[in-house]
Amino acid sequence: LRQLNLEYVDLVLLHFPSDEDLKGGASLRQEDWQALEKFYFLGKTKAVGVSHYCRRHIEDILEIAKIPIAVNQVQYHVGMGLSGPNATDDKGYMDETGIVYQSFS
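Residues numbered from 1 in each chain as written. Predicted model: local features only at pLDDT ≥ 70, side-chain atom pairs only at ≥ 80, totals over all residues. Heavy atoms only, no water.

To continue, consider the packing of helix 1 (residues 26–41) against helix 2 (residues 55–62). It is the contact of helix 1 with helix 2, at a shortest axis distance of 9 Å, that shows an interaxial angle of 55°. Put simply, helix 1 runs oblique to helix 2. Viewed along their axes, helix 1 and helix 2 form a crossing whose handedness is right-handed. Along the contact surface, helix 1 presents A26, R29, Q30 and W33, while helix 2 presents R56, H57, D60 and I61. Residue composition of the contact of helix 1 with helix 2, by class: three nonpolar, two polar and three charged. (Axes fitted to C-alpha atoms, helices over the stretch in contact; angles between N-to-C directions. Helix = DSSP H or I, 4+ residues; strand = E, 2+ residues; numbered from the N terminus. Parallel < 35°, antiparallel > 145°, perpendicular 65-115°, else oblique. Left-handed = near helix turned anticlockwise from the far one by under 90°. Contact = heavy atoms within 4.5 Å. Nonpolar A, V, L, I, M, F, W, Y, C, P; charged D, E, K, R; others polar.)

Set out below in C-alpha cells:
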C-alpha cells in the first residue's frame, strides 16, 4: 500500500484455489482466506474475493469466513457455451450465495 501511496484498496482477490504446484486443499484455501480477512479487519481493503474458484472451493471458504466473499472472477465468454454444464462455473450457486459473478474472457 505504501508503494501505491494508498491507505486501502477496494478489492483484494485470491487468484487461484491452490499453490503454484497445484497442491493445497481446503486447509490452504482457508488459511489464505483468513490472512486476507486480517487485511480487511485492519481496514486495508474494503472487500475480499476470489478468482477461478468452483463451488467446492467456495464452500471451503464459507465454512470459516467471517466476512462475505465479495466476488468470484471466472473465465466466461461466448465460446464457453460448448463446455456443457461447466460453461458457467456454477453461476447459479454464486447468485444463491450472494457472491458477485464477474467474468473475463
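Another aspect to go through is helix 1. Its 16 residues place the ends of helix 1 22 Å apart at the C-alpha level, agreeing with the 22 Å of an ideal helix rising 1.5 Å per residue. For helix 1, the elements touching its buried residues are strand 1 (12–14), strand 2 (48–51) and helix 2. Once helix 1 ends, the next one or two residues include G43, with phi positive near 80°. (Expected span 1.5 Å × (residues − 1).)

The predicted model of the chain has a mean per-residue pLDDT of 86, with 81% of residues at 70 or higher. For the chain, per-element mean pLDDT is lowest for strand 4 (residues 100–104), which scores 87, and highest for strand 2, which scores 95. (pLDDT = per-residue confidence, 0-100.)

With that settled, consider the sheet that holds strand 2. A sheet is described by the order of its strands in space; here four strands give the open sequence 1-2-3-4, paired in parallel fashion. Only two strands of the sheet have a single neighbouring strand rather than two, namely strand 1 and strand 4. Taking each pair of neighbouring strands and ignoring which way they run, the sheet shows an average axis angle of 30°. Across five bridges, the pairing between strand 3 (residues 71–75) and strand 4 is parallel. Across the sheet, V71 pairs through a bridge with V100, a residue of strand 4. (Pairing = 2+ DSSP bridges.)

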